[in-house]
Every structure is written in C-alpha cells, then in structure tokens.
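Reading the structure
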Amino acid sequence: MKGLFYSQDASANQAPRQVYNWRIYALACSSSMGAAMFGYDSAFIGGALTLPSFQKRFGLESAHGTKLANLKANIVSTFQAGAFFGAILVYPVTEKFGRRLTLLLCGLLFNLGAIAQLASSGHVGAIYAGRVLTGLAVGASSLIIPVYISESSPPAIRGRLVGLFECFLQVSQVIGFWMNYGVSLHVPKTLDKQWQIPFSFQVVPASLLVILMFFQPESPRWLVKAGKADQARRNLSRLRHLPLDHEYISWEINTAQRQIEAENSLGANRSVWAKVQQAFTLPGNRQRLLIGMALMLLQNMSGINALNYYSPAIFAAIGFSGTDVSLLATGVFGLVKATTTLILMLFLIDRLGRRRAMLIGSCGGIVAMYYLGGYTAQSHSFTSEHVPKDGGAYMAILMVYLFAFFYALSWNGVPWVFCSEVFPTAIRSVCLVFTTCSQWLAQFIIVYSTPYMMTNITYGTFLLFGTSLVVGIVFIYLFFPETKGLLLEEMDILFSQRGPATAKRRETDRIIQDRRNDGHAQAVVAEKWDEKTDPMIHVEAV
C-alpha cells in the first residue's frame, strides 16, 4: 500500500502500515464535499454576474458605475456575511452533537439556500436571502471539516488529508468557472436557463455531503472528549484497520485522554467564556491563535478572492474583454490553481513542509502582483476602452496564472492545515471559531470592496495585494514554525518554546528525541531487570 496511501512516519510512536488505508481517505473525501460547496460558489457567482440572461433578469444591464459596483458587491458578499455568522453559530452545535451530524445539517441548509436562489424569479432580495443561507452552511462546514479530518488522521499524512479539503475546493472551482463558460457558449442569452443551470448545480456537492456522511464515523478525539472512549476505540479501529485491542489503538486513545485530562485540570471543561480566556491568556495558546488569525487575514489580503469572484472583470481590465473571452481566461486560471493545489496537498505538503511552501509561494505571488500593478498603470487598461493586446497584455495574463500557481503552492491550503492541527483538543473548536471568522470577515471586506477599488484606485488594487504579500513573507519567516510530522498532542511542546520560528522547531525536535531516547533506555533497563529477577527468563537465558 505504498505510494498515495503510505508515508514515512517520523513520529515517536510509528504507526503500523495498516493505518494508511482507504478508509481514512474516504472520510476526508466525504467530508470535503463541504469544501466543494464553498469552491463552486466562489467560482460560479462571479461569472454568473456577467451572463447576459442574469444581468437582464436582475437589472444589472441598466446599472453603471457605483450602482453596478454596489449590486455586484451585495450579491457576492451576502454569502461571506452568512459564512461569518455560520462559523460563530456552529460552535455550540458541533460541541454538543459532534462533527458528523453537524456536517449533515450543513448540507441540508446549503440546499435550502440554493433552492431559494433558483426560485427568485428576478427578485434580487431572494438571491440575497439564498446566499445568506448557503453562506451560513459554508461558514459552519469550513470550521468543522479541517478539524474533523485532523482529529481522525494519522500524524504522518495529516497535512495531506486536511489538504484534501482544499483539493476539493479547487476542483469544484474549476467546475464553476467552466460551467459559466459552457452556458455562455451553448445556451441562448435570452433564456433564463442560461443562469439557472449554474445556480442549480449548487445542490450537487451539498447533496453528496449529506449522503456520504451517513457512512462515516464520528471523530474519535471528539468522542474521547465527550466521555465515549469505547465508541472512540471502535471508530479508531475501523479507521486504522486494526483490532480493537491493538497497542497502537490503545496508545492513540490513551494519548488523547491524557491530553484532555491535563487540559481539564487547567479549566478547559468550563464555560465557553472560560475557554476563550484560556485561549487568549495562556501564552502558548494565545501565540498559535494569533498566528492562525493573522494567516487567515493575510490569505485574503493576497488578492486571491478578488480573482476568484471578479476574475472576468479583472481580465477585462487588463485588455481581454467579451464575456466568452474573459470566462475562458477565468477557466484556465481555475485549472492552474486546482492542478497545483492537488500536487501540493497530495504529494508535497508532508515532505516540503508548511513553512517552506509558504515562503516560496509568497515570493512568486509578489512578483506577479507587482507586474499587474505596473502594467495596468502604464497601459491605463482600467480606464481605456481599447487596450492593445500586445506582449505586455499577454504577459499580464501569464502573471495571473503565475500568481495562481504560487498561491496554490502556499496560501491556498496551508493556513487551513495549520489551524486544524495546532490547537489543544479542549479549546480547538473555540479557537477555530476565531480563525474561521477571521477568514470570513477578511473575505467579506475584500469581496465587498474589490468592485469599488477597481473603480476608484484601479492599478493600486494590485499594488495593495502585492504589498500585503511582502508583509506576509516577513510574518512567515519570523513567526510561523514548521508543524509537519508532529502529533496533535506535541503542538504544546512546539508553542511552549521561545525564540524565532526556526529555533522553536529545533528545540521541539530535540525534546521529542530526548523523550524517545529516554523511553528506549527505560525499556532496555526494564528488560535487563526482568532477566536478572525473573527465574524463568533467567533459566531460558542460560
């Protein structure tokens, strides 16, 4: 089972090979249908706004300037507003009922919102309401899915499995981009069917989430936390493809129990407010929470969601106008981003590491954004009706794709992986509320303001995003430690160290290695003691 289902395990207690089986991948893929809901929406809605049938039905064709920007911003950003509150409201639900049932409810809620949009019949208010509902579902599921996968994963492939969240998001984005291109070519612009087809496809990933999650187990670590250790052992045995009494299963259960007991002794089983205080007052917890929130903010400040939601308008702004042309360029953008994300998450993230990927990707993104800012400033493409399709214009297109490549290599999935793996079990959900809300708040700000920025500061939009990446690379270098290969329970060691990010990981590796050596030495001493004191062993030895 080597290859995709196998990875080199460098942890203190190496997992048996049976652990790397298809069941854990099935769990990750099933829950990641919630990411597909998010990805498809973020891709299709920007292109749908440019479809002639949608513009005519909802009054966009007669709007211009600030009025048009306002309509676009409202239609797109109501989704982010719903997602922000979904991430907050889901916390008590997932704490009480678990990860699996909550994901089922998210799929049903998303379908309800999609149906409301299809039934809008030209009433933009119904579009707003439907997008709020789909946003609530996506905001809630985006908090649950990474932690559900992380809590169920073996350490050696945890990054890869959590990365499937981003892989499904990217593949569904490709579908959304090309769906709009397909209907623009093959469905007459006079028919409502042109915009209804991409809107109706929203129900596919949500329905698959509901169906597939019926066959998946609850998170073993959540069950341990809920006092259901026997059920946790059964679920873990199923996922690891090992007997119930296998020593590795017992070790995982005991490790989780010890961590939860230690956290409860510090007050982690108290009220939500007490957990919030614990997250912000204990230095190790506060440090990783602030890093996670900063990553989500900087991820959006890179400009990716401006490209995701408004890429047709952005391609038009650099000289490639026409609905079909801009949608085609947008589809290629999605393919580049999805392909790179798949390669990173499936084959590189647990080898290349989180930190190195972020540094490399940030450097490439800076070059791309600054070129786009310089080109649009020189060509006046935001204000001129006729921009020549010269070498500079084609280089601008290339830079958009280059940005997609480097972003997918770094900021696309690594912040989600980091936030899913670093927080203590007892306060993980509370911390993820803050990091996920930071994601959706930052996304709301960028998505809502992008139409106005493109109208008012034009090329400065790209310069702002490029400068944000400069800030991001400095932040990563100083504060972002490498987390690959560590157990969830070993993150406390990593974030209890002082000094810059690289020094933290070096000291953590030293401590873990010392503990491993001490454990081995104690086992040798115990074995020798038995040989001296146990008569049977002594006789056999003689």
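Basis of the calculations
- Residues numbered from 1 in each chain as written.
- Predicted model: local features only at pLDDT ≥ 70, side-chain atom pairs only at ≥ 80, totals over all residues.
- Heavy atoms only, no water.
- Axes fitted to C-alpha atoms, helices over the stretch in contact; angles between N-to-C directions.
- Helix = DSSP H or I, 4+ residues; strand = E, 2+ residues; numbered from the N terminus.
- Parallel < 35°, antiparallel > 145°, perpendicular 65-115°, else oblique.
- Left-handed = near helix turned anticlockwise from the far one by under 90°.
- Contact = heavy atoms within 4.5 Å.
- Nonpolar A, V, L, I, M, F, W, Y, C, P; charged D, E, K, R; others polar.
- Buried < 20%, exposed > 50% of the residue type's maximum accessible area, 1.4 Å probe, protein only.
- Core = buried A, V, L, I, M, F, W, Y, C linked by side-chain atoms within 4.5 Å.
- Phe/Tyr/Trp six-rings, centres within 6.5 Å; stacked < 30°, edge-to-face > 60°.
- Lys NZ or Arg CZ within 6 Å of the ring centre and 35° of its normal.
- Salt bridge = Lys/Arg side-chain N within 4 Å of Asp/Glu carboxyl O.
- Disulfide = S-S within 2.5 Å.
- Arc of directions from axis to C-beta.
- pLDDT = per-residue confidence, 0-100.

Describing two packed helices takes the angle between their axes plus the distance from one axis to the other. Running from N to C, helix α2 (residues 33-48) and helix α6 (residues 124-152) point in directions that differ by 135°, and their axes come no closer than 8 Å. Between α2 and α6, the angle is such that the two are oblique. Handedness of the α2/α6 crossing: left-handed. Residues Gly34, Ala35, Met37, Phe38, Asp41 and Ile45 of α2 lie in contact with α6, whose contacting residues are Arg131, Ala137, Val138, Ser141 and Ile145. Partitioned by chemical class, the residues of the contact of α2 with α6 number seven nonpolar, two polar and two charged.

On to the environment of Val187. Examined against the element boundaries, Val187 turns out to sit in the loop between α7 (158-186) and α8 (193-200). Residue classification places Val187 among the buried residues on the basis of a relative accessible area of 14%. Residues Val187 and Ser53, spaced 134 residues apart in sequence, show a C-alpha to C-alpha distance of 9.8 Å. Setting aside residues up to four positions removed in sequence, Val187 forms contacts with Gly182, Lys193, Gln194 and Ile197.

Judged by nonpolar contacts, the single largest core of 126 residues is most densely connected at Leu161, Leu295, Phe333, Met369, Phe403, Trp411 and Phe418. Ile45, Phe58, Met179 and Val447 belong to the second largest nonpolar core, which has 19 residues in total.

Before going further, it helps to examine unusual backbone geometry. A positive phi is found at Ser121, a non-glycine position, where the angle reads about 50°. By relative accessible area, which is 54% here, Ser121 ends up exposed. A positive phi angle, near 45°, is found at Thr458, a position not held by glycine. In this fold, Thr458 is placed in the loop between α20 (428-456) and α21 (460-479). Residue Thr458 is classed as buried on the basis of its relative accessible area, which comes to 14%.

Okay, the packing of aromatic side chains next. Enumeration according to the criterion identifies 24 aromatic pairs in this entry. With 5.4 Å between their ring centres and 45° between their planes, Phe475 and Phe479 make a pair best called tilted. Remark: Phe479 and Phe475 occur in helix α21; sequence separation between them is four residues, near one turn of the helix. Relative accessible area serves as the criterion here: at 16%, Phe475 is assigned to the buried category. Joined through ring pairs, the aromatic side chains of Tyr40, Phe44, Phe54, Phe58, Trp195, Phe199 and Phe201 make up one cluster. Here Lys96 stacks its cationic end above the ring of Phe97, 5.7 Å away from the centre of that ring.

With respect to the secondary-structure elements, Leu494 resides in helix α22 (residues 491-494). In this structure Leu494 comes out as buried when scored by relative accessible area, which is 0%. Sequence-wise, Leu494 and Thr508 are 14 residues apart; in three dimensions their C-alpha atoms are separated by 5.3 Å.

This brings us to the pattern of salt bridges. Applying the stated criterion to the full structure yields 14 salt bridges. As a salt-bridge pair, Arg240 and Glu252 come within 2.7 Å of each other at their nearest N and O atoms. Taken together, the positions of Arg240 in helix α11 (residues 229-240) and Glu252 in helix α12 (residues 247-265) put the pair 12 residues apart, joining distant regions of the chain. On the accessibility criterion, Arg240 (0% relative accessible area) is buried. Here Glu252 falls in the buried class, since its relative accessible area comes to 6%. Salt bridges sharing partners connect three or more residues here, namely Glu95, Arg99, Glu151, Lys225, Lys275 and Arg428.

Taken as a whole, this structure holds zero disulfides when the rule is applied. With no disulfide of its own, Cys167 has Cys29 as its nearest cysteine by sulfur position, at a separation of 8.9 Å. For Cys167, a relative accessible area of 2% translates into the label buried.

Let us now look at helix α9 (residues 203-213). Listed in full, the buried residues belonging to α9 are Pro205, Ala206, Leu209, Val210 and Met213. Down the axis of α9, the buried side of the element spans an arc of 140°, and every buried residue falls inside it.

Here we take up the confidence of the model for the protein chain. With 89% of its residues at a pLDDT of at least 70, the protein chain reaches an overall mean of 84. Taken as a whole, residues 1-5 scores under 50 in pLDDT and shows 13 contacts with residues more than four places along the chain or in a different chain. Low confidence marks residues 528-542, where pLDDT is under 50. Its contacts with residues over four positions away, or in another chain, come to three contacts.

Moving on: the environment of Ala140. In this structure, Ala140 sits in helix α6. With 38 residues separating them along the chain, Ala140 and Thr102 place their C-alpha atoms 8.4 Å apart. Excluding anything up to four places from it in sequence, Ala140 contacts Gly86, Ala87, Val90 and Cys106.

On to the packing of helix α14 (residues 283-301) against α20, then. α20 packs onto α14 with a crossing angle of 20° between their chain directions and a minimal axis gap of 8 Å. In terms of axis orientation, α14 runs roughly parallel to α20. For the pair α14 and α20, the crossing hand works out as right-handed. Between α14 and α20, the residues in contact are Leu289, Gly292, Met293, Met296, Leu297, Gln299, Asn300 and Met301 and Cys431, Phe434, Thr435, Ser438, Gln439, Ala442, Gln443 and Ile446, respectively. For the contact of α14 with α20, the residue count by class is nine nonpolar, seven polar and no charged.

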